[in-house]
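# Examining the three-dimensional arrangement
Chain by chain, the residues:
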Amino acid sequence: MSCSSTEDLPEQYKELFTQDGVLLKACIGRPISDLNSIGMLCIVQNPDSTKCIEWRPNDLITIDSDTQDQEWAVVNTIGRRQRTLSGNMTSDYAAARARIVKIPLDELKTFKVARNSQQMQFSTKPGIWQNTFYFQHGNAEVFVSQLKNHLKTAKTRHDRNTYVVVEPNTESQVLNRSFAELDIFTENTTDVVWGLVSNFKQRPYETTMEAFSKLTDIVYYGNEGLNGQRDVSDEVADLLTKSMSALEDSTSVTKTEGYEVISVKPTLPPRPCIPRGTPLSTEKWEGLQDTDGRILEVEGVKQLIFRGGVAHSIRHSVWKYLLDYYPWNATHADIRKIQKKKTEEYFSMKLQWRSITEKQESRFSEYRERKSLVEKDVNRTDRTHPFFAGDNNPNLMVLQDILMTYAMYNFDLGYVQGMSDILAPLLLLLGNEVDSFWCFAGFMEKILSNFDIDQAGMKQQLLNLQQLLTFAVPDLAKHLATKDSENMYFCFRWLLVWFKREFSFSDIMRLWEVLWTGLPCANFHLLICVAILDAEKDVLISGDYGFTEILKHVNDLSMCLDIDKILSTAEGIYHQLISAPHLSDQIRIILGIPTASNKNPEDPSDTDIPEQENGKPESREMEEVTLEYNGLQISVVTKTVWALLA
Amino acid sequence: MAKTYDYLFKLLLIGDSGVGKTSILFRFSEDAFNISFISTIGIDFKIRTIDLDGKKVKLQIWDTAGQERFRTITTAYYRGSMGIMLVYDVTNEKSFENIKNWIRNIEENASADVEKMILGNKCDLDSKRQVSKERGEQLAVEYQIKFIETSAKDSVNVENAFYTLARDIKAKMEKKQEASNPPGARGGTHQLKATDQQRKPTSWLSRCSIL
Ligand SMILES: Nc1nc2c(ncn2[C@@H]2O[C@H](COP(=O)(O)OP(=O)(O)OP(=O)(O)O)[C@@H](O)[C@H]2O)c(=O)[nH]1
Ligand SMILES: [Mg+2]
């Protein structure tokens, strides 16, 4: 990330609250080109102490490198989190500045929340809504509650979502208000709590005491749903403890007329519809190699594959990299060496079991059993596909040999049902026995835990799937729970062989290569499950499907699924989750993103997020890598791709 | 809410991988055989309604994966089974020896009064036979379980096996019902509820008598 000169803003100009990810949808007097751009909605205090709502387009803002918090960043005017204007944008600076939208608070007459609380409109003249904003990260409720710290409002009788500004703000009025709005804390929105806590810190200690007495309940008891994993900083915790003991009995909050209670429901932000791209083409792939054959821009390649897969004609080459057979930085010469070495290694392992004589075999029951298990499955693997069809098909022998050799390669694991399903598409595509073996070994490396003796890996995934579903599609999760299906066993087949049984060969190749990129997060295959289930939600719930019907319905989805739609939905769900203000640490850990408390993930070896000593991800994580693809700007997948929507 | 059947029985097929459970089920539900079947991952079931002494009996037959490793998952589906088919392959000694383990597995995971039956499948493959019919019969006597040799391929005894198991379940159920409801008090309520049947781990017989 290009680091801007951190020139501080004038002392008296304060950002009281900032909300990222806000789209300017309408603004009277602005050219259309200004609309639909993404920016930050703020409440700012001017040097003359007047306040205004200000919206700034994103290209005017760069963010301090330590501002890791992408969602709901609360700007603490005392603290270090200040947005600064980029120094290297001077040429466009004036133009960009002209795009800032300002609404002075003492001119504001009404504002309105609509569209599932994701849209906000402002008016300074009766009868005209001058500005419309769309909140892409969550909803407008936090912004409204913040705004109400600076304004006295009343709701109109006929429309519960329209607020009339009763009196312009003065500091004393704000402070004197009964903290009726604090009822928003009855929901599990730790982020909201955290946001307001930060904000309150700016105010005189005494005036916040009453508020904190209410807050303590929430912080200490209100977020069991999040496993209590989210830490409030020591400083604040201290403050809370003090205020709790001082004001133990003053927890009842009166609701003065004219102030309405806003409750913040932990709803997910809208699901972006992210189009799929076209497959990585031969030209692009060749263009990405240097003269010696090294693949440059590995992250970029993965991004492209994640977005559109790989053109069939180059799969046989690209897959070898994706499955860790060839290192990305290997030259042509390196690859020849690797091929030679791996070929020798393969055949020596193959020889090990091939040289077992019939006599030996007759006294080696474990070997016999393993061999017959493999044989049985090979004979039942994709026999309807021409490549494996017919009696004495030589490709079946190759399947058998590779699986037997794998049993020598990983003796402890041996052969487990499902492996032949994993191997078949690889052999079909690569044709070559040695290549197929090593790619198979690479794929197995990614899914080894699926084949644990005690099935611990599968159980863990089913549990994680259930947790993701509960967060992403709570009504369906609830339905499953009432039907004794919350163990998600009906998804067992999906997970064990990575959906191999659910799709045609061409679709499974597409799905697998996308999943092999490891983008956009850990366990994306679980979000594929969530996406499939989400599409079936209405059938399952409205049909009141029970235990057996759920299993049947899910099993019968096989070969009836649209791969592109599912991938697109799954990515949309991913963005919904990571933008959710109430995203819990449990979900973060599953997706392999840093937890809110910036602690190391439970098992750092499981996730490949580089950590600095302060626990924050390396800047690489936050880098705004944008790729130009089919005329679309695509930002790094770990970040939101709202740019696509604009 | 008219039901198209009088009884719903939940049955289960268990046995080593490759003995022919899925093939037997396919033969019974579709009357077909497919040499290129795929192995079972996870669990599935098929339905067939049969006529038994003038009653319509809906059989919901569950097919599980045979490999030992998957048993922690598949046993979750044993609950509420009224009848279990234990299948071995007459051309595979090991699958026969494992029947004992499968019986132990049932004792641990299914209700105690579940009806059982042993099937020696692939009896069409006489040239490859490793387990004689006599040994099968002996085992059945030992465990007091009915036994029959089948061939899913040649459609030998598959119908017979399912009808026998279903009839035994029906008889057992009616006997229990009679015992708990003295003759005069019996209404025409033989029906089992179609839903929620397979979930409760309690004995299905005790539930039948409540109905
Ligand atoms: N000759 C012959 N072959 C059979 C018979 N029944 C099954 N087979 C074959 O045996 C193999 C295994 O049959 P499946 O029905 O798939 O076995 P399964 O018990 O369901 O195996 P898992 O799903 O792995 O637990 C298949 O290749 C079948 O074609 C039979 O009666 N005779
Ligand atoms: Mg089967």
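Only a predicted model underlies this, so the values are computations on that prediction, with no experimental measurement involved. Numbering of residues starts from 1 in each chain and follows the order in which that chain's sequence is written. Going through the entries in the order they are written, you letter the chains from A and number the ligands from 1. In keeping with the predicted nature of the model, local features appear solely for residues at pLDDT of at least 70, side-chain atom pairs appear and are counted solely at 80 or more, and the whole-chain, interface and lining totals rest on all residues. Side-chain calculation: all heavy atoms of the structure are included, whereas hydrogens and water are not.

This paragraph deals with the overall build of chain B. Check the secondary structure of chain B and you find seven helices and six strands. Sequence-ordered secondary structure for chain B, helices as α and strands as β, is β-α-β-β-α-β-α-α-β-α-β-α-α. The buried share among the 211 residues of chain B stands at 53%. Contact definition: two residues touch when any of their heavy atoms are within 4.5 Å. Contacts in chain B between residues far apart in sequence, at least 24 positions, make up 74% of those at least 6 positions apart. Carbon and sulfur atoms make up 49% of the accessible area of chain B, which totals about 9200 Å². Secondary structure elements follow DSSP: runs of H or I of four or more residues count as helices, runs of E of two or more count as strands, with numbering from the N terminus. Exposure categories follow from relative accessible area, calculated using a 1.4 Å probe and restricted to protein chains: below 20% of the type maximum is buried, above 50% is exposed, and the middle band is partly exposed. Calculation of accessible area relied on Shrake-Rupley with a 1.4 Å probe; when residues are assessed, cover is drawn exclusively from the protein chains displayed.

With that settled, consider the coordination of the magnesium ion (ligand 2). All names here are of chain B. At this site the magnesium ion (ligand 2) is bound by T22 (OG1) and T40 (OG1), with donor distances of 1.9 to 2.0 Å. Of this pair, T22 sits in helix α1 (residues 21-30) while T40 sits in the loop between α1 and β2 (43-52); the two residues are 18 residues apart in sequence, bridging distant segments of the chain. Residue T40 is classed as buried on the basis of its relative accessible area, which comes to 15%. Only nitrogen, oxygen and sulfur atoms count as donors, using a 2.8 Å cut-off from the metal that widens to 3.2 Å for Na, K and Ca. Water is left out, so coordination shells may look unfilled.

Our next topic: the sheet that holds strand β6 (residues 146-149) of chain B. Pairing between strands requires that DSSP locate at least two bridges from one strand to the other. Strand order across the open sheet formed by six strands is β2-β3-β1-β4-β5-β6 (chain B), with mixed pairing between neighbours. The two strands at the open ends of the sheet, each matched to only one other strand, are β2 and β6 of chain B. On average, each strand axis in the sheet is tilted by 25° relative to the strand beside it, whichever way the strands run. Relative to strand β3 (residues 55-64) of chain B, strand β1 (residues 7-14) of chain B runs parallel, the two sharing seven bridges. Among the inter-strand pairings, L11 of chain B is bridged to a residue of β3 of chain B, identified as I61 of chain B. Geometry is summarised by axes, namely lines fitted to C-alpha atoms with helices restricted to the contacting stretch, and by angles between N-to-C directions that run from 0 to 180 degrees. Against the sheet, helix α21 (residues 547-556) of chain A touches β2 and β3 of chain B, its axis set at about 115° to β2 of chain B.

As a structural note, the neighbourhood of ligand 1 is formed by 25 residues, with R380 of chain A together with S17, K21, S23 and D124 of chain B the closest of them. Residues are counted as near a molecule or strand when any one of their heavy atoms sits within 4 Å of it. Neighbouring residues of ligand 1 are distributed over chains A and B. In protein, a polar contact means a hydrogen-donor-capable atom and an acceptor-capable atom, both N or O and within 3.5 Å, with residues adjacent in sequence counting only if both atoms are side-chain atoms; elsewhere, any N or O pair within 3.5 Å suffices. The side chain of K122 of chain B places a nitrogen or oxygen atom 3.0 Å from an oxygen atom of ligand 1. For ligand 1, whose unbound accessible area comes to 650 Å², protein coverage reaches 94%. Tallying contributions element by element places α1 of chain B first for the shell around ligand 1, with three residues.

Here we take up the pairing of strand β4 (residues 83-89) of chain B. Residues and elements named next belong to chain B. A large share of β4 lies buried, amounting to seven of its seven residues. Residue alternation in β4 divides its side chains into two sets, G83, M85, V87 and D89 and I84, L86 and Y88, and both sets are buried. Two elements, β1 and β4, share four bridges in a ladder whose sense is parallel. By the bridge assignment for β4, L12 is matched with I84. Bridge count for β4 against strand β5 (residues 115-121) is seven bridges, and the pairing is parallel. Bridging across to β5, L86 finds its partner in I118.

Turning to the interface of chain B and chain A, a few remarks are in order. Contacts between the two partners involve 28 residues from chain B and, on the opposite side, 34 residues from chain A. Contact between chain B and chain A buries roughly 3000 Å² in total, counting both sides, with carbon and sulfur atoms accounting for 58%. The largest contributions to the chain B side of the interface with chain A come from I41, R69 and I73 of chain B, which together make up 25% of the buried area. Salt-bridge detection follows one rule: a side-chain nitrogen of Lys or Arg within 4 Å of a carboxyl oxygen of Asp or Glu. At the junction of chain B with chain A, the criterion picks out two salt bridges. A salt bridge links E369 of chain A to K94 of chain B; the shortest N-O distance between them is 3.6 Å. At the junction of chain B with chain A, the criterion picks out 10 residue pairs in polar contact (both at pLDDT 80 or more). Elements represented by at least two residues in the side of chain B that touches chain A include exactly β2, β3 and α2 (71-74) of chain B. The biggest single contributor to the side of chain B that touches chain A is β2 of chain B, with four residues. Class assignment of the residues belonging to the side of chain B that touches chain A gives a composition of 10 nonpolar, 12 polar and six charged. When two parts are brought into contact, each loses some accessible area as probed by a 1.4 Å sphere; the total of that loss over both is the buried area. Only Asp, Glu, Lys and Arg are considered charged, only Ala, Val, Leu, Ile, Met, Phe, Trp, Tyr, Cys and Pro nonpolar, and every remaining residue, Gly among them, polar.

The next subject is the environment of T291 of chain A. All names here are of chain A. Note that T291 resides in the loop between α7 (282-287) and α8 (298-308). T291 gets classed as exposed once you look at its relative accessible area, which sits at 77%. Spatially, the C-alpha atom of T291 lies 9.1 Å from that of H332, the residues being 41 residues apart in sequence.

We now examine unusual backbone geometry. All names here are of chain A. Cis geometry is found at the peptide bond from L519 to P520, where omega equals -5°. The phi dihedral of S49 is positive, around 75°, even though this residue is not glycine. By secondary structure assignment, the location of S49 is in the loop between β2 (38-45) and β3 (51-57). You will see that W498, though not glycine, has its phi angle at about 45°, which is positive. According to the relative accessible area criterion, W498 is buried, its value standing at 7%.

Grouped together as the largest cluster of nonpolar side chains are 151 residues, with contacts concentrated most on M419, F440, F524, L527, I528 and L577 of chain A together with L86 of chain B. Element by element, the count of residues in this core is highest for helix α20 (residues 524-542) of chain A, at 10 residues. Domain assignment of the residues forming this core places at least three in each of domain 3 (323-446) and domain 4 (456-592) of chain A. Residues within four places of L527 of chain A in sequence aside, it is in contact with L468, C521, A570, I573, Y574, L577 and L591 of chain A. Buried Ala, Val, Leu, Ile, Met, Phe, Trp, Tyr and Cys residues form a nonpolar core when they are joined through side-chain atoms within 4.5 Å. Judged by nonpolar contacts, the second largest core, of 28 residues, contains L35, W55, L108 and A140 of chain A. Where each domain starts and ends comes from a domain assignment, either automatic or drawn from a database.

What follows is about the sheet that holds strand β1 (residues 14-27) of chain A. Residues and elements named next belong to chain A. What the nine strands build is an open sheet, ordered β6-β3-β2-β1-β9-β8-β7-β11-β10; its pairing is antiparallel. The sheet is open, and its two borders are formed by β6 (101-104) and β10 (152-155), each paired with just one other strand. With strand direction ignored, the average angle separating the axes of adjacent strands in the sheet is 30°. Bridging between strand β7 (residues 110-114) and strand β11 (residues 162-167) involves three bridges; their strand directions are antiparallel.

It is worth spelling out the packing of aromatic side chains at this point. All names here are of chain A. Aromatic rings from Phe, Tyr and Trp, taking only the six-membered ring of Trp, are treated as a pair when their centres fall within 6.5 Å; an angle between ring planes under 30 degrees marks them as stacked, one over 60 as edge-to-face, and anything in between as tilted. Tallied over the entire structure, the rule returns 36 aromatic pairs over all chains. Seen from their ring centres, F111 and F122 are 6.2 Å apart, and the 35° between their planes marks the pair as tilted. Residue F111 is found in strand β7, and its partner F122 is found in strand β8 (residues 119-123); the two are separated by 11 residues along the sequence. Both residues of the pair, F111 and F122, belong to the buried class. Note on F443 and W498: the rings are 5.4 Å apart at their centroids and 65° apart in plane angle, and the pair reads as edge-to-face. Pair noted here: F443 is in helix α15 (residues 433-447) and W498 is in the loop between α18 (492-496) and α19 (505-516), with a separation of 55 residues, a long-range link.

Here we come to the packing of α1 of chain B against helix α6 (residues 158-180) of chain B. Residues and elements named next belong to chain B. In contact at an axis separation of 9 Å, α1 and α6 are set at 85° when each is read in the N-to-C sense. Viewed along their axes, α1 and α6 adopt a mutual orientation that is roughly perpendicular. Contacts between α1 and α6 involve I24, R27 and F28 from the first element and V158, E159 and F162 from the second. Among the residues forming the contact of α1 with α6, the class breakdown is four nonpolar, no polar and two charged. Any angle from 65 to 115 degrees is called roughly perpendicular, while one under 35 is roughly parallel, one over 145 is roughly antiparallel, and all others are oblique.

Let us look at α19 of chain A. All names here are of chain A. Each helix should span, by expectation, one fewer than its residue count multiplied by 1.5 Å. Counted at 1.5 Å a residue, the expected span for α19 with its 12 residues is 16 Å, and the 16 Å between its end C-alpha atoms agrees. Within α19, 10 of the 12 residues are buried, which leaves it mostly tucked inside the rest of the structure. Those residues of α19 that fall on the buried side of the exposure criterion are F505, I508, M509, R510, L511, W512, E513, V514, L515 and W516. Buried residues along α19 sit in contact with α8, α9 (312-322), α14 (419-430), α15, α20 and α22 (563-579). Backbone geometry just after α19 places G518 at a positive phi near 75°.

The next subject is α15 of chain A. Residues and elements named next belong to chain A. The first and last C-alpha atoms of α15 sit 21 Å apart over 15 residues, in line with the 21 Å expected at 1.5 Å per residue. Of all 15 residues in α15, 13 are buried, a share of seventy percent or more. The residue sitting at the N-terminus of α15 and contributing the capping side-chain oxygen is N432; that oxygen lies 2.7 Å from the backbone nitrogen of V434.

For the structure shown, the criterion picks out 37 salt bridges over all chains. Note that R27 of chain B is salt-bridged to D31 of chain B, the shortest N-O span being 2.9 Å. For D31 of chain B, a relative accessible area of 53% translates into the label exposed. Residue E93 of chain B pairs with R135 of chain B through a salt bridge whose shortest N-O separation is 2.7 Å. Of this pair, E93 of chain B sits in helix α3 (residues 93-97) while R135 of chain B is found in helix α5 (residues 133-143), placing the two residues 42 residues apart along the sequence. Looking at E93 of chain B, the relative accessible area reads 23%, which means it is partly exposed. By relative accessible area, which is 30% here, R135 of chain B ends up partly exposed. Each of K350, R354, D401 and E433 of chain A takes part in salt bridges that share partners, so that together they form one network.

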